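Chain by chain, the residues:
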Amino acid sequence: MIPLLSVKSLSKDYGTNIGCSDVSFDLYPGEVMGIVGESGSGKSTLLNCMAGHLAPDKGEVVFDTRVDGPKDTLHMSEPERRMLSRTDWAFVHQHAREGLRMNVSAGGNVGERLMAVGSRNYADIRGKAVDWLSRVEISENRIDDRPTTFSGGMQQRLQIARNLVTSPRLVFMDEPTGGLDVSVQARLLDLLRGLVRDMGLSAIIVTHDLAVVRLLADRLMVMKDGQVVENGLTDQVLDDPQHAYSQLLVSSVLQV
Amino acid sequence: MSEQAYNFAYLDEQTKRMIRRAILKGLAIPGYQVPFASREMPMPYGWGTGGVQVSAATLTPDDVFKVIDQGADDTTNAVSIRKFFEKTADVKTTTNTKAASVIQTRHRIPEDELGDDQILVYQVPIPEPLRFLEPRETETRKMHALEEYGLMHVKLYEDISKNGRIATSYAYPVKVEDRYVMDPSPIPKFDNPKMEMSAIQLFGAGREQRIYALPPYTKVVSLDFEDHPFDPSRAPHCCSICGASDSYLDEVIINDDGGRMFVCSDTDYCERRVAEGHTGVQVSGDAA
C-alpha cells in the first residue's frame, strides 16, 4: 500500500535552537497519528512544516495526490500547494479564531472552501452548510450568526465543519481541544472520533493531552527536544512506555 | 501666478510619461492594478486626484474635455476639475457627451453609448475589490496572482443570507477577460453591463497609487451565483423631467411631507431629451 503521507528526515532549526530534527514516518490512508510531547518539543514546528506553513531546512514531505500520485509537497509550485491545502488537506488550529473568519456568518465560513473550489450555486452551498453544521451539532438556526456570538466549543466545532466540507483526505490538528473545558472536550473528541471513522480520514494530531491520543490515535510518536524518542501503537506506548521520557509523560497524568 | 507658469495639464512631462507607462501596462493586462508614483495634486485626496492624473497624462491640446460627478456636469467636483484643466491645459470643455473626446467621471457611466474615439477616465477611491475581506495587501496580491477569488463570492453569499438577494448595489465586483476580479469604482451596478464598450476605460486611484484599465470590447462579467443571477436594478419610474424610462434615476426629496421625484442622474442626457421635446410627468408635492 502507498502511504498517504511520507515524511523523510524532516529538519527545521531556529538559528542554533532545534525546531525538529530528522523526523521520518509514513502515514497510511485511514490512519490517525498522534504526536505528543511537552511544550517546546517541536510538535507544532513539525506539524507546520508538514502542512506547508513553515519551510523546513531539509527533508521531504511526499503526499499521495489524487491525480499525480506521490509528490513532494515542498517542491510543488505555490498555486498547487495552496490548492492542495484547500481541497485534500485541512488544518484545525488550536484557537478557532485563527481558522475562522470572525466577521463572516457560520454559513459563509463553511461555504468558503466550496466557493474557493468553484461552487457557484447558492442553494447547494447553503444546503451543504446546513448539513455540516448539523453534523458538528450546531443548530440550523445559527447559520446566519457570526462566530463571535458562539461559545469556544461551538467555534471549534464550526472550524472543523469548515475544514471538512470539501472532504479532505488528510487533516492536520494542532491541539484541537486546547482551551476547552473537560465536558466540552469530551463532546468534541466524541464528535471527532465519529467523523474520522465515518469519513475514513487520515489525521495527524498534535497534542500534549494523552487522553486525546488514547481516544483518537492509532499510532503515537513521542517527541522531546526536537527528536522522536519513541513511536508505536498508541496502547502499546501508553501502557508500556520504553523511553525514560515517555515513562515520565505517562506517569505525570493525574489519576482521578 | 500666470497660467503659463504651469506645464501643459499641470504635471511635468516626466510624470506624465510615468503615468502613461502605467496606463499602457494596465491596457496590456486588463483589470490588473498597476502601481504608480501618484503625485500630490492641488486638491484633497478623495476629490479625484487619481482620475485627474490619468486625465492629465491623456489630454492633448486638441482634446475636448468633459467632467461628470454622479452623472451631473454642474456639481462641485465636476466644475472644479473642469476649471482646473481649462486653466492648466487650456483645452476645450463641453458638457455634451458625444462631443467630448476625454470624459472624466465619478460614480457614473454616461447614458449615451461611447465611441472608439473616446476615453472614459474613472476616479477610484479603493481599487482593491478584496480590501474589506482581506486586509493584508501582500495577501490580496497573492490572491490576484493565483486567481483565488472564492472570497469574493463569500461576500455575495453573505449578502444573500442577510437580505435574500445580492444587495451590493454599487462598486459591484466584475471579472475581466475571465482573469482578474476588478472593482469598477463606485458606479451603480446598473452601469456594469455598459462596461463592455468601444471606448477605452482608464481607472485612477490617487491615494492608493494604482492605475488599471479596460481596452475596448473587453469582456466584463459581473460576479453572481447560478441561482441568484446578476440583476442591474433600476428604480421602477420614469424621469419626471424628460420622461426617460431607460436611464439611471436619482431620487429627489422635494418637500417635508415625503414628496419625491425621480430624475435622470445624467444631466446632459436629460437636457438633450428635453430639447428634443420629451416631457415627463410632473409630480405634485404630495405624490409618493
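Quick look at the structure, then. (Residues numbered from 1 in each chain as written. Chains lettered and ligands numbered in written order. Predicted model: local features only at pLDDT ≥ 70, side-chain atom pairs only at ≥ 80, totals over all residues. Heavy atoms only, no water.)

Digging into the interface of chain B and chain A
Thinking step 1. Contacts between the two partners involve 21 residues from chain B, matched on the other side by 22 residues from chain A.
Thinking step 2. Each partner contributes to the roughly 1,800 Å² buried at the junction of chain B and chain A, and carbon and sulfur atoms together form 54% of this total.
Thinking step 3. Run the count over chain B and chain A and you get 4 salt bridges.
Thinking step 4. With a closest N to O distance of 3.3 Å, A:Glu78 and B:Lys142 form a salt bridge. (Contact = heavy atoms within 4.5 Å. Buried area = accessible area lost by both parts, 1.4 Å probe. Salt bridge = Lys/Arg side-chain N within 4 Å of Asp/Glu carboxyl O.)

Comments concerning the pattern of salt bridges
Thinking step 1. Under the counting rule described, the total for this entry stands at 40 salt bridges over all chains.
Thinking step 2. Between B:Arg136 and B:Glu134 there is a salt bridge, and its shortest N-O distance comes to 2.9 Å.
Thinking step 3. Where salt bridges share partners, they join A:Glu78, A:Arg82, A:Arg86, B:Glu139, B:Lys142 and B:Glu148 into one cluster.

Structural notes on the pairing of strand β3 (residues 32-36) of chain A
Here is the key point about a regular strand: its side chains alternate between the two faces of the sheet.
All names here are of chain A.
Thinking step 1. Burial analysis of β3 places 5 of its 5 residues in the buried class, which makes it a mostly covered element.
Thinking step 2. Side chains Val32, Gly34 and Val36 of β3 all project onto a buried face; the interleaved residues Met33 and Ile35 project onto the opposite face, where all are buried too.
Thinking step 3. Both β3 and strand β8 (residues 202-206) contribute to a ladder of 4 bridges, which runs parallel. Within β8, the residue paired with methionine 33 across the bridge is isoleucine 204.
Thinking step 4. Of the strand pairs in this sheet, β3 and strand β9 (residues 219-224) are connected by 4 bridges, and their pairing is parallel. In the sheet register, valine 36 faces β9, and the bridge partner there is valine 222. (Buried < 20%, exposed > 50% of the residue type's maximum accessible area, 1.4 Å probe, protein only. Helix = DSSP H or I, 4+ residues; strand = E, 2+ residues; numbered from the N terminus. Pairing = 2+ DSSP bridges.)

Here we look at helix α6 (residues 152-164) of chain A
Since one α-helical turn is 3.6 residues long, residues separated by three or four positions face the same way.
All names here are of chain A.
Thinking step 1. The terminal C-alpha atoms of α6 lie 19 Å apart, and with 13 residues this matches the ideal 18 Å at 1.5 Å per residue to within 8%.
Thinking step 2. α6 sits mainly inside the fold: 12 of its 13 residues count as buried.
Thinking step 3. By the burial criterion, the buried members of α6 are Gly153, Met154, Gln155, Gln156, Arg157, Leu158, Gln159, Ile160, Ala161, Arg162, Asn163 and Leu164.
Thinking step 4. For α6, the elements touching its buried residues are β6 (89-92), α3 (96-99), α4 (106-116), α5 (122-135), β7 (170-174) and α7 (182-199). (Expected span 1.5 Å × (residues − 1).)

Here we look at the packing of aromatic side chains
Aromatic ring pairs are defined here through the distance separating the ring centres and the angle between the ring planes.
Thinking step 1. Enumeration over the complete set of coordinates arrives at 14 aromatic pairs over all chains.
Thinking step 2. With centroids separated by 5.3 Å and ring planes inclined at 85 degrees, the aromatic side chains of A:Trp89 and A:Phe172 adopt a geometry described as edge-to-face. One end of the pair, A:Trp89, is in strand β6; the other, A:Phe172, is in strand β7, with 83 residues separating them in the sequence.
Thinking step 3. Given the relative accessible area of 2%, A:Trp89 is considered buried.
Thinking step 4. Here the aromatic rings of B:Tyr122 and B:Phe203 are separated by 4.1 Å at their centres, their planes lie at 10 degrees, and the arrangement is stacked. Taken together, the residues B:Tyr122 in strand β5 (residues 119-123) and B:Phe203 in strand β8 (residues 200-205) connect sequence positions 81 residues apart. No difference in accessibility class separates B:Tyr122 from B:Phe203, as the two residues are buried.
Thinking step 5. An aromatic cluster is built from B:Tyr6, B:Tyr10, B:Phe65, B:Phe84 and B:Phe85, whose rings are joined through pairwise contacts.
Thinking step 6. Positioned above the aromatic ring of A:Trp132 is the side chain of A:Arg135, whose terminal nitrogen or guanidinium carbon lies 4.2 Å from the ring centre.
Thinking step 7. One cation-aromatic arrangement involves B:Arg179 over B:Tyr180; the distance from NZ or CZ to the ring centre is 4.3 Å. (Phe/Tyr/Trp six-rings, centres within 6.5 Å; stacked < 30°, edge-to-face > 60°. Lys NZ or Arg CZ within 6 Å of the ring centre and 35° of its normal.)

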